[in-house]
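For reference, the chains in residue letters:
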Amino acid sequence: MAKPETAGGAPFLERVAALPSSEAARQAFTRYVQPSSLPREVPLQGALYRALADHLLRWYGLPATPAAAAWEWAPLYRLEREIDPHYFGPREIAERLGQCPPLPPDTRAELADILTRYFQWRQGGLEQLGAQPLVNHDAAERWQRLFPPRFAWRCLDVLKAVGFYPAGSAGGYRAQQRFERGVFEPAWSATGWREWIELCEAPSGAAGGGAHGWDFVAGAFAGEWTALGVEGPCGPEPLCDRCPLAADCAWARGKERPVRSVAEAAARLRMSGPGGLDEGTLLHALFGLDPAQAAAWRERLERTGLRALAGRSLPELEAWLKGGDPGAERLSALLELAKRLADERMLPGETFRGARDVFNHFRMRLRDSKQEQFLLIMLDSRRRFQGEVEVSKGTMERALVHPRDVFTVPIREQASAVVVVHNHPSGDPSPSPEDINLTQQLVKIGELVGIPVIDHVVIGDERFVSMAERGLLNFP
Ligand code: SF4
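Residues numbered from 1 in each chain as written. Predicted model: local features only at pLDDT ≥ 70, side-chain atom pairs only at ≥ 80, totals over all residues. Heavy atoms only, no water.

It is not clear to me how the packing of helix α11 (residues 190-200) against helix α12 (residues 211-221) should be interpreted in this structure. Could you clarify?
A packed helix pair is summarised by two numbers, namely the angle formed by the two axes and the spacing between the axes. The interhelical angle for the contact between α11 and α12, taken along N-to-C directions, is 105 degrees, at an axis separation of 8 Å. In terms of axis orientation, α11 runs roughly perpendicular to α12. Facing α11, whose interface residues are Trp196, Ile197 and Cys200, α12 presents Ala211, Trp214, Asp215 and Ala218. Grouping the constituent residues of the contact of α11 with α12 by class yields six nonpolar, no polar and one charged. (Axes fitted to C-alpha atoms, helices over the stretch in contact; angles between N-to-C directions. Helix = DSSP H or I, 4+ residues; strand = E, 2+ residues; numbered from the N terminus. Parallel < 35°, antiparallel > 145°, perpendicular 65-115°, else oblique. Contact = heavy atoms within 4.5 Å. Nonpolar A, V, L, I, M, F, W, Y, C, P; charged D, E, K, R; others polar.)

This is the structure in structure tokens:
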């Protein structure tokens, strides 16, 4: 294959053509565009319309199963056999579409316009597409004009579905945009398509198919022809770590640039590993944010830091997200999962070794709590962890604790001993006189009910105090 003259000296097609895998792509292209692959004219009319209906349902997010085609959307599929384009216009087609499942008025009107233009176009005969599988660019452009501009690329898939090949590999174009411009997802405009076609205009007979050949080879690089046995790394989720062009790819090199889509965040994650991503990108990989939301999240994170989010209630997270953004619930669930991952909780049957075990067990949960919480752990006769109980949750200053609430569950569960624990939201774990009084009361009651209180651990900000270790449980 001769080397193409690339636009603005841009080397993408040249670089792709030089890859060893491109030879397999060229061979696949030659096989793929055999003229004998085209069906005969009459069946093709029906096949083309069916492919059009299938794709329209898909583009508009409507069910496109065979059952749907046979039943709910039958009026759409029958239209081709029943319509007389001389007497039917968009209004009549819209009425027929009214027999299908309900559609928003705008969608129905747009579909009716597309179908009207299609039936008018079809009167010109399928020879407009040429007798060869390769559709020339003018014919492809006429086909594109049947559709709204946003479908400029997608509408070519309808022709490919029945054996024609118009140049316009979306994957190849996307790969070129990534490689040369650092754009992860290009705008799928008709202008972009024309630019791509110009880029693919090879000097002479590439792969026997000119621009079509280059387009096919670039598509193969983008993983579009795996069904024909040609692998390529630059698909919707690019495998940059395995891509032979990664060192020179503008997108792969621009790691410091903020990501603008979930797919891009996912691709970065695969390329760099999660440890190589900033917090904004990690959050982006989890949440479907649009670019404006992502920028707002990033800016707020830079101001508050991720740690400041821990311990926030759902309404507080909603306020942080400024209400309009999605994901307060997901963010809350994520923070909870992170907290549990970092937890070093004791498991039932595990031997209790001392106050540090209690601190580790509750640390993550109590670290960012703005309320005082009073809890306990129950131990069995061999000082093994039996379970935990939340006794009370209080105000900013105090958890209100009644001794009865402390012993109810341990008596029922036949615990042999308990360790009580509470947190100081101020961060200072020094026991207050009230803490010491309460502990002494609990120790006395524990002796009476036969469930000794063997320690009271106070947890502050990454610190704790064991009242047993300080001798505060020994009193006259
Ligand atoms: S490095 Fe990644 S984005 Fe760039 S061309 Fe290769 S697969 Fe595509």
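What's the story with the confidence of the model for the chain in this structure? I'm lost.
Low pLDDT means the predicted coordinates in that region are not meant to be read closely. Of the residues in the chain, 90% reach a pLDDT of 70 or more, and the chain-wide mean stands at 84. Model confidence for the complex: the whole-complex pTM is 0.63, and ipTM, which rates the interface, is 0.99. (pLDDT = per-residue confidence, 0-100.)

How should the sheet that holds strand β3 (residues 373-379) be read in this particular structure?
Strand pairing in a sheet takes place through backbone hydrogen bonds and is either antiparallel or parallel in direction. With mixed pairing, the five strands of this open sheet are ordered in space as β4-β3-β5-β6-β7. On the outer flanks of this sheet lie β4 (385-393) and β7 (464-466), each paired with one strand and no other. Within this sheet the neighbouring strands show an average axis-to-axis angle of 20 degrees, counted without direction. Sheet analysis places strand β6 (residues 453-459) next to β7, joined by three bridges and oriented antiparallel. Paired with Val458 across the strands is Val465, a residue of β7. Running over the sheet, helix α21 (residues 433-449) touches β3, β5 (417-423) and β6 and is turned about 155 degrees from β6. (Pairing = 2+ DSSP bridges.)

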